[in-house]
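Commentary on secondary and tertiary structure
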Amino acid sequence: MAATPPLLVFLLLALVLLSPRPHVAASDVSPSGGATANPFTARAALIRYWKRMVPTNRPQADFLLAKLSPLSALDSATFSSLVAADPYALSRRLPALCAAARLLCSPATANTYSAAARKDDSSAFASYQNSNFSDYGTGAAGGRSSFKNYSDDLNVPVDTFRRYSRDSAGHNDSFASYSPEGNVVTANFTSYGSSATGGAGDFASYDHESNVPDLKFTNYDADATGRRRSFSSYSDDTNAGDQSFAGYGKDGNGVPTSFTSYADNSNVIGSSFAGYGEGANGANDSFASYGFNGNVPENNFRSYGDGGNSGSERFTSYRDQSNVGDDSFTSYAKGGNAAAADFVNYGNSFNEGSDSFKGYGEGSSKHSVTFKSYAADNTSFKAYAKSGVDFKSYRNSSVIPSSASSDAAAAGSLLSLRKAGGRPANRWLVEPGKFFRERDLRRGSVMPMPDIRDKMPPRSFLPRSIAGRIPFSATEVRQIFGIPADTALGKAVADTVAECERAPNRDETKRCATSAEDVIDFAVSVLGSDVVVRSTANTTGSKGNILIGKVGGVNGGKVTKSVSCHQSLFPYLVYYCHSVPKVRVYEAEILDVESKEKINHGIAICHLDTSDWSASHGAFVALGSEPGKIEVCHWIFEGDMTWTVAD
């Protein structure tokens, strides 16, 4: 029978204490005395494992060794013993584990501000983070609360504004540069400004350039009277975020809301408006340049303005010049009274999107809905109002079936469908240099280099003895690491597990590696034991022009297959590794354009078979072709790696 955990810890500790004390850092070898490093570190263990799995004496990659656990031998043995007995025992030692193992953990709320803490009606919060504002500003009369540079450049900030400014009169709130450049941001505005009278809420540069934000506005300004809200440059240049507006402005009276430059230039942004303005009186909402130039934006308006009275909504340049994108309007303005909705220049996506209008304006009285220069494809208008809806210059690239003409005629003179030829210009920009052709990778070429910096929060691998015993389940990982499910990090954990459990694509072999040993195992299983792993040396040259120096093809530039590994968002380091058939891999000197000095050593991979890629893939947007007709090359970004058979 195996030794009990306390005895195991004692034996390992004894080995560490009795082993010769090294004269150098644990990761090095003394050039003078030749003394080896501490054999119980993660680095030493992986080097031994590498030599066993890759017996051809290929060099270990420094960038892979740098991702190993910084846990001491004693801590590693202690936590390994804990998780072997009970994985949930880690949760009781979580603060110590997160700090010692360099993990990504949800921070404890650092500061709490309540109504009792408010000394006056005007407050300025500068450079605050991870705070809980519960009942703050409740019952305030006048005054102003200002949040500047709030949660700036943080990893996993969690901010809660619960019942903030509730029942206040004429209280103004300003959020300027809120969570700029944050990573995995969670913000929760629950019952914010509820039943408030007058005043204004202003969000400027909110979540600018953030990565995977999750923002929730629940019952925001519900039952409010005459309170103005403004969202300017909200979530612009954001990556893969979700915003939820549930019960926003519900039963409000005369509440104007303005969304300006909302989610501009964002990547895979998802917005949900559920019960927004429901039952409101005289609401006035404006969406200007909403989702402009975005990549695959998804917007869901459910029961928006449902049962409202004299509401007015205006969508100007909505989702204009976006790539693909999906919008759903379900029971929009249904049962409203004298509502007005105006869609101007809506849906000018250059790649085919999907719009769904169900129950739109159905059962409304004296309403007016206008679509001007509506240019979406694959549009579904189901059970929309048969009068009071006006389509001007409605553009659909497909041929209108004969039944559509008769349906339009039956709807009455106020409904007119006119097909305009052509599609909007392709002006959605893929970052310059993100994709290129094989012919561009030659000595003397000057080309743009994209931002190849690692945008993921810093984390390390857990030792295999720990990671291998943590159940790879979203529910259990969130429970062990204390991550609420309804946060940005909680959702990211679920997404990672779902992607790892997804069935592989045709001709794909994949595995999610939770340890460095797992990565090596997968690469060897696909390519054999004589392998080399490569990554671009550094990020110098990013977001600028570079000069290509000497170029060399791996394996003589022959067509080969590789294993590519990409980071996934998880509390500890997890790599999504998959086999990539029919590629050529290149090593290239990257030079400064002016001085001609070498500044980087780049690794590029060229995919020769793109026939299974989506027609809307950014590579074809940038290079102007179609699946299967061209090869597509890209650099290996910081944090990622590619494995090949050794030369």
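Residues numbered from 1 in each chain as written. Predicted model: local features only at pLDDT ≥ 70, side-chain atom pairs only at ≥ 80, totals over all residues. Heavy atoms only, no water.

In the annotation of an unreviewed UniProt entry, the entry for the chain reads BURP domain-containing protein, and the organism field reads Musa balbisiana.

Looking at the overall build of the chain
Formally: In this text, helices come from DSSP runs of H or I with a minimum length of four residues, and strands from runs of E with a minimum of two, each type numbered from the N-terminal end. Per-residue accessibility, obtained with a 1.4 Å probe over protein chains only, is compared with the maximum for each type, and a residue is labelled buried under 20%, exposed over 50%, and partly exposed between these values. Contacts were defined at the residue level, with two residues in contact if any of their heavy atoms lie within 4.5 Å. Per-residue accessibility takes into account occlusion by the displayed protein chains alone, with areas from the Shrake-Rupley method and a 1.4 Å probe.
When you go through the chain residue by residue, the secondary structure sums to eleven helices and 31 strands. Counting over 647 residues, the chain shows a buried share of 51%. Relative to all contacts within the chain whose residues are 6 or more apart in sequence, the contacts with residues 24 or more apart total 75%. Taken as a whole, the chain presents about 27,000 Å² of accessible surface, with 50% of it coming from carbon and sulfur.

Digging into the packing of aromatic side chains
The following threshold applies: Aromatic rings from Phe, Tyr and Trp, with only the six-membered ring used for Trp, were paired whenever their centres fell within 6.5 Å, and each pair was classed as stacked if the ring planes differed by under 30 degrees, edge-to-face if by over 60, and tilted otherwise.
The tally for this structure, following the rule as stated, stands at seven aromatic pairs. Taking 5.9 Å as the distance between ring centres and 40° as the angle between the ring planes, the aromatic pair formed by F461 and Y575 counts as tilted. Taken together, the residues F461 in the loop between β23 (446-449) and α7 (464-467) and Y575 in strand β28 (residues 574-591) connect sequence positions 114 residues apart. In terms of burial, F461 and Y575 fall into one category: buried. Judged by centre distance (5.8 Å) and plane angle (40°), the rings of F481 and Y572 are tilted. In this pair, F481 is assigned in the loop between α8 (474-480) and α9 (488-501) and Y572 in the loop between β27 (560-568) and β28, connecting sequence segments 91 residues apart. Here F481 falls in the buried class, since its relative accessible area comes to 1%. In textbook terms, an aromatic cluster arises when at least three aromatic residues are bridged by ring pairs, as seen for F472, F481, F570 and Y572.

A word on helix α10 (residues 516-527)
Operational definition: The span one expects for a helix is its residue count, reduced by one, times 1.5 Å.
In this model, α10 (twelve residues) spans 17 Å end to end at C-alpha, consistent with the 16 Å of a helix rising 1.5 Å per residue. Backbone geometry just after α10 places G528 at a positive phi near 95°.

Thoughts on the environment of N505
Assignment of secondary structure puts N505 in the loop between α9 and β24 (510-513). Residue classification places N505 among the partly exposed residues on the basis of a relative accessible area of 48%. Between the C-alpha atoms of N505 and D612, which are 107 residues apart in sequence, the distance is 9.5 Å.

Focus on the state of the cysteines
Keep this limit in mind: When two cysteine sulfur atoms are found within 2.5 Å, that pair is recorded as a disulfide.
Under the definition given, this model contains four disulfides. Here C98 pairs with C105 through a disulfide, and the sulfurs are 1.9 Å apart. Residues C98 and C105 are joined through a disulfide that is left-handed, its torsion about the S-S bond being -80°. Each member of the pair, C98 as well as C105, is classed as buried. Here C500 is linked by a disulfide to C512, with a sulfur-sulfur distance of 1.9 Å. Its S-S torsion of approximately -90° makes the covalent link between C500 and C512 left-handed. Remark: C512 occurs in strand β24 and C500 occurs in helix α9; sequence separation between them is twelve residues. The buried category is assigned to C500, whose relative accessible area is 16%. Given a relative accessible area of 16%, C512 falls into the buried group.

Looking at the side chain of D451
As a reminder of what qualifies: Contacts described as polar in this section are N or O atom pairs within 3.5 Å, which, within protein, must combine one atom able to donate a hydrogen with one able to accept it, while residues neighboring in sequence count only if both atoms come from side chains.
Inspection of the secondary structure assignment puts D451 in the loop between β23 and α7. A polar contact of 2.7 Å, which involves the side chain of D451, links it to the side chain of R453. For D451, the contacting residues outside a window of four places in its chain are E431, S542, K543 and F637.

Side note on the pattern of salt bridges
Pairing is possible between side chains of opposite charge, provided their charged atoms come close. Spelled out, the test is: Note on definitions: salt bridges are taken to be side-chain nitrogens of Lys or Arg within 4 Å of carboxyl oxygens of Asp or Glu.
Applying the stated criterion across every chain yields a total of 14 salt bridges. Across the salt bridge formed by D530 and R58, the nearest N and O atoms sit 2.8 Å from each other. Of this pair, D530 sits in the loop between α10 and β25 (531-534) while R58 sits in the loop between α2 (42-53) and α3 (62-65), placing them 472 residues apart in sequence. Exposure remark for R58: the relative accessible area of 24% places this residue in the partly exposed category. Linking D451 and R453 is a salt bridge whose minimum nitrogen-to-oxygen distance equals 2.7 Å. Overlapping salt bridges, with partners in common, bring together R464, R511, D518 and D521 in one network.

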